[in-house]
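What follows is each chain in one-letter form.
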Amino acid sequence: MQMMTPRLLLREYKPEDFPFFRDVYMDEEVMRYAYMDAYKTEQEAREGFEKLLPGAAGEKSFYEWTIVEQATGLYVGSAMMEVQMKNQYGGFGELGYFLLKEFWGKGYATETARALIALGFDQLGFHRVCASCNAANNDSAHVLEKAGMRHEGVLRAVRCKNGLWQDEIRYSILAEEWEKA
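Model, not experiment: these values are computed from the prediction.

Peer 1: I would appreciate a short explanation of the environment of V154 in the present structure.
Peer 2: Within the secondary structure, V154 is located in strand 7 (residues 150-161). When the C-alpha positions of V154 and D167 are compared, they lie 6.7 Å apart, and in sequence the two are 13 residues distant. Setting aside anything within four residues of it in sequence, one finds V154 in contact with D167, E168 and I169.

Structure representation (structure tokens):
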């Protein structure tokens, strides 16, 4: 499964993409607001990466793509969608993204979030797509709002990062809202 936006290609990871994956997931600044800590070793990163490669049997509950700039072929970052619940009425999923620092502030995160929202509704048949970000991550909150998501609330002290409990902001968009936008 792959997606194209005006400037980006989101495609499944290939084995040769490991160096790019490693660059994102071992970067402390990129992973600063993530649930997970940055990988500490290349071996840890490789083990995480190999779980994402296509070929897993059965219905997927987690998708992850590499983000590539179409004009240059440069690796931009990683995007993901987790199926939280699926049934005959649609269900819902949660999106996420991490970009290399040199691509921050270019609108790529918003473009990625919109592509993931469209995927959730148009291909996965969700009723709702949600996202969350660390309450201190104002840039990501802004991205989610620009992508059309609505602020739902704050979960207090739900994320533990480096031994400190932090708040999380929740966002969502419903299928009917997406259709109207």
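Peer 1: Help me understand the pairing of strand 4 (residues 75-85) in this model?
Peer 2: Each regular strand displays side chains that alternate between the two surfaces of the sheet. Summarising burial for strand 4: eight of the eleven residues are buried, a large majority. As defined by bridge partners, strand 3 (residues 62-69) adjoins strand 4 across seven bridges and the pair is classed as antiparallel. Pairing of I67 across the sheet is with G77, part of strand 4. Between the end of strand 3 and the start of strand 4, which pair antiparallel, lie five residues, with G73 showing a positive phi angle near 80°. Pairing of strand 4 with strand 5 (residues 92-99) involves eight bridges; the strand directions are antiparallel. Bridge pairing in strand 5 places G77 opposite L99. Following strand 4, the chain reverses through six residues before pairing antiparallel with strand 5; G90 in that reversal takes a positive phi of roughly 125°.

About the cut-offs
Residues numbered from 1 in each chain as written. Predicted model: local features only at pLDDT ≥ 70, side-chain atom pairs only at ≥ 80, totals over all residues. Heavy atoms only, no water. Helix = DSSP H or I, 4+ residues; strand = E, 2+ residues; numbered from the N terminus. Contact = heavy atoms within 4.5 Å. Buried < 20%, exposed > 50% of the residue type's maximum accessible area, 1.4 Å probe, protein only. Pairing = 2+ DSSP bridges.

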